Amino acid sequence: MNTSSLVSIADLSKEQILRLLKQARYFEENPNQRILEGRVVATLFFEPSTRTRLSFETAVNRLGGRVIGFSDASTTSSSKGETLKDTIIMVSNYVDLIIMRHYLEGAARYATEVTATPIINAGDGANQHPSQTMLDLYSIYKTQGRLDNLTITLVGDLKYGRTVHSLLMAMRHFNPTFRFVACDELRMPKEYKEFCDKNGIKYTEHTDFSEDVINSSDIIYMTRVQRERFTDIMEYERVKDLYNLHNSMLDNSRENLRILHPLPRVNEINPDVDDNPKAYYFQQAKNGLYARQALICNALGIDVPLYEKPFNE
Ligand code: CP
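What counts and how
Residues numbered from 1 in each chain as written. Predicted model: local features only at pLDDT ≥ 70, side-chain atom pairs only at ≥ 80, totals over all residues. Heavy atoms only, no water. Salt bridge = Lys/Arg side-chain N within 4 Å of Asp/Glu carboxyl O. Helix = DSSP H or I, 4+ residues; strand = E, 2+ residues; numbered from the N terminus. Buried < 20%, exposed > 50% of the residue type's maximum accessible area, 1.4 Å probe, protein only. Arc of directions from axis to C-beta. Contact = heavy atoms within 4.5 Å. Phe/Tyr/Trp six-rings, centres within 6.5 Å; stacked < 30°, edge-to-face > 60°. Lys NZ or Arg CZ within 6 Å of the ring centre and 35° of its normal. Polar contact = N/O pair within 3.5 Å; in protein donor to acceptor, adjacent residues only side chain to side chain.

**Observations concerning the pattern of salt bridges**
Where side chains of opposite charge bring their charged atoms close, a pairing between them can arise. By the definition in use, this model includes 18 salt bridges. For the salt bridge of Glu308 with Lys22, the shortest nitrogen-to-oxygen distance reads 3.0 Å. Placement of the pair is Glu308 in the segment after α10 (281-299) and Lys22 in helix α1 (residues 14-29), with a sequence separation of 286 residues. Arg25 serves as the salt-bridge partner of Glu29, at 3.2 Å between the closest nitrogen and oxygen.

**Points about helix α3 (residues 84-92)**
When we look at burial in α3, the residues that qualify are Leu84, Thr87, Ile88, Val91 and Ser92. Along the axis of α3, the buried positions cluster into a sector of 130 degrees, meaning they face one direction only. Tucked inside the fold, the buried residues of α3 contact β1 (40-45), β3 (97-102) and α4 (107-114).

**Thoughts on the packing of aromatic side chains**
Within this structure, the stated rule accounts for seven aromatic pairs. One aromatic cluster in this structure is built from Tyr160, Phe230 and Tyr236. Its end group placed over the ring of Tyr307, Arg25 keeps NZ or CZ at 5.2 Å from the ring centre.

**Some points on the side chain of Asn121**
Mapped onto the elements of the fold, Asn121 is located in strand β4 (residues 119-124). At 2.9 Å, the side chain of Asn121 and the backbone oxygen of Val7 are in polar contact. One polar contact links Asn121 to Asp124, side chain to side chain, over a distance of 3.0 Å. When near neighbours in sequence (up to four residues on either side) are disregarded, Asn121 contacts Leu6, Val7, Met100, Ala108, Gln128, Pro130 and Ser131.

Right, here's the structure in full:
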């Protein structure tokens, strides 16, 4: 496997994560640079995306590089039966970095085994979404002034939600307390609870999104129920609207509470939350640009200055 790739958030040490956050902050202050001049980056999206693809592409453009790629695999030769292996080898002939999203778990890891070109995993099935985690960590750091000792409540589709899986793994460095709020069908999978046990991460499980849980959280991380991962659409219909956050539910929440969501949302956050100063999901998505600028430079071995001051909002 090539070593500059980012496949799983578990590939990054605490020091690497903190360094990337400081670089992201540097890019927030200095988003327009020419440091990717002469570099070409491919964005291969075998699954739909708005934020991840566009923020990665904006990141490259703002750094002076060029982007090729596709957002609809049905227009590519994979629709004629070309294998993922052949596609990756071919695209590697043209570019310096491949950013890929795929519906199969493990697809990004597999890609690193067939090419020496660095790969950034932009989401592989229900498995991992490490670049989302970097912007989530950046958002948490900015809004809380720290990453350590926070109470984080994950709500919704904890079974198929790759963003919560990656976030949980990254937080192992920062002594979090997690609450997992989900119905029985969408509970946090056993392997991630075992990961918590192995890494000393505290967690409790809840089916009720109660006042108690809300009022003692520093971060509430809402998630969409992932319709595309269900084999039984009736089961999706039964669980899709079980957890909805409304503005009135935040009346007695902590001052420092911030509501995160990887987006897109469907019904899980009522629009009446949007004007609450504790709603942070749109800024969170904006932070993706800076976090991804840092990740791209890291994958290409380009040095980036570190922002060394504290960076509260
Ligand atoms: N958060 C996220 O991955 O959004 P997109 O699916 O729009 O890229």
